[in-house]
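# Summary of structural features
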Amino acid sequence: QVQLVESGGGLVQPGGSLRLSCAASGITFNTYTMNWYRLAPGKERELVASISILGRNTNYADSVKGRFTISRDNAKNTVALQMNSLKPEDTAVYYCNARRPAVKSDYWGQGTQVTVSS
């Protein structure tokens, strides 16, 4: 059974930081590209950050470049999203995603709420 379990969300003031973590089980973690998406009320789902299988390549949405950092630990089957200089517009439910197109595998976590407000 595949599980992606996010943690680390919460309420933070503008300018603050949060670190999201996602623990994966039931998959061969080091064969999956890992992604963080977010969904805010009234908006479309947005791909926030991606990291390649070995962690050598990362990509970010323009809206978070320079503020967010994605990383992975293949020994621990975890992926993290360090979020700094948070803004109210970062408020959303953040989802961890594991994707391996070659075998049409696509798995999602349950999401964790991030609220940026004073």
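Preceding this section is the structure that the text describes.
So, here is what we can say about the structure in this document.

Parameters and conventions
Residues numbered from 1 in each chain as written. Predicted model: local features only at pLDDT ≥ 70, side-chain atom pairs only at ≥ 80, totals over all residues. Heavy atoms only, no water. Helix = DSSP H or I, 4+ residues; strand = E, 2+ residues; numbered from the N terminus. Rg over C-alpha atoms; globule rule 2.2 N^0.38 Å. Buried < 20%, exposed > 50% of the residue type's maximum accessible area, 1.4 Å probe, protein only. Phe/Tyr/Trp six-rings, centres within 6.5 Å; stacked < 30°, edge-to-face > 60°. Contact = heavy atoms within 4.5 Å. Pairing = 2+ DSSP bridges. Disulfide = S-S within 2.5 Å.

A few words now on the overall build of the chain. Regarding its fold elements, the chain presents 0 helices and 11 strands. Shown N-terminal to C-terminal, the secondary structure of the chain runs as helices and strands in the order β-β-β-β-β-β-β-β-β-β-β. Over its C-alpha trace the chain gives a radius of gyration of 14 Å, about what one expects of a compact globule, namely 13 Å for 118 residues. The principal-axis extents of the C-alpha atoms in the chain amount to approximately 40 × 25 × 25 Å. Taking all 118 residues of the chain together, 38% fall into the buried category.

Here the focus is the packing of aromatic side chains. Here the structure, examined in full by the defined rule, presents 2 aromatic pairs. Between Tyr32 and Tyr107, the ring centres sit 6.1 Å apart and the planes meet at 45°, which makes this aromatic pair tilted. Of this pair, Tyr32 sits in the loop between β3 (18-25) and β4 (33-39) while Tyr107 is found in strand β10 (residues 105-108), placing the two residues 75 residues apart along the sequence. On the basis of relative accessibility, which here comes to 28%, the residue Tyr107 falls in the partly exposed class. For the pair Tyr37 and Trp108, a centre-to-centre distance of 4.9 Å together with 55° between the ring planes defines the contact as tilted. In this pair, Tyr37 is assigned in strand β4 and Trp108 in strand β10, connecting sequence segments 71 residues apart. Tyr37 gets classed as buried once you look at its relative accessible area, which sits at 9%.

Okay, the environment of Gly8 next. On the secondary structure map, Gly8 appears in the loop between β1 (3-7) and β2 (10-12). For the pair Gly8 and Leu81, spaced 73 residues apart in the sequence, the C-alpha separation amounts to 9.5 Å. In this structure, Gly8 is in contact with Leu18, Arg19 and Leu20, ignoring residues within four places of it in sequence.

Another point: the pairing of strand β8 (residues 78-83). Two strands pair when backbone bridges link them, and β3 and β8 are joined in this way by 6 bridges, in the antiparallel orientation. Residue pairing for β8: Leu20 is matched across the bridge by Leu81. Relative to β8, strand β7 (residues 68-73) runs antiparallel, the two being bridged by 6 bridges. In the strand pairing of β8, Ser71 is matched with Ala80.

What follows concerns the state of the cysteines. Per the stated rule, a full pass over the model turns up 1 disulfide. At a sulfur-sulfur separation of 2.1 Å, the disulfide partner of Cys22 is Cys96. Between Cys22 and Cys96, the disulfide has an S-S torsion of -80° and is therefore left-handed. Residue Cys22 is found in strand β3, and its partner Cys96 is found in strand β9 (residues 92-100); the two are separated by 74 residues along the sequence. Classification of Cys22 as buried rests on a relative accessible area of 0%.

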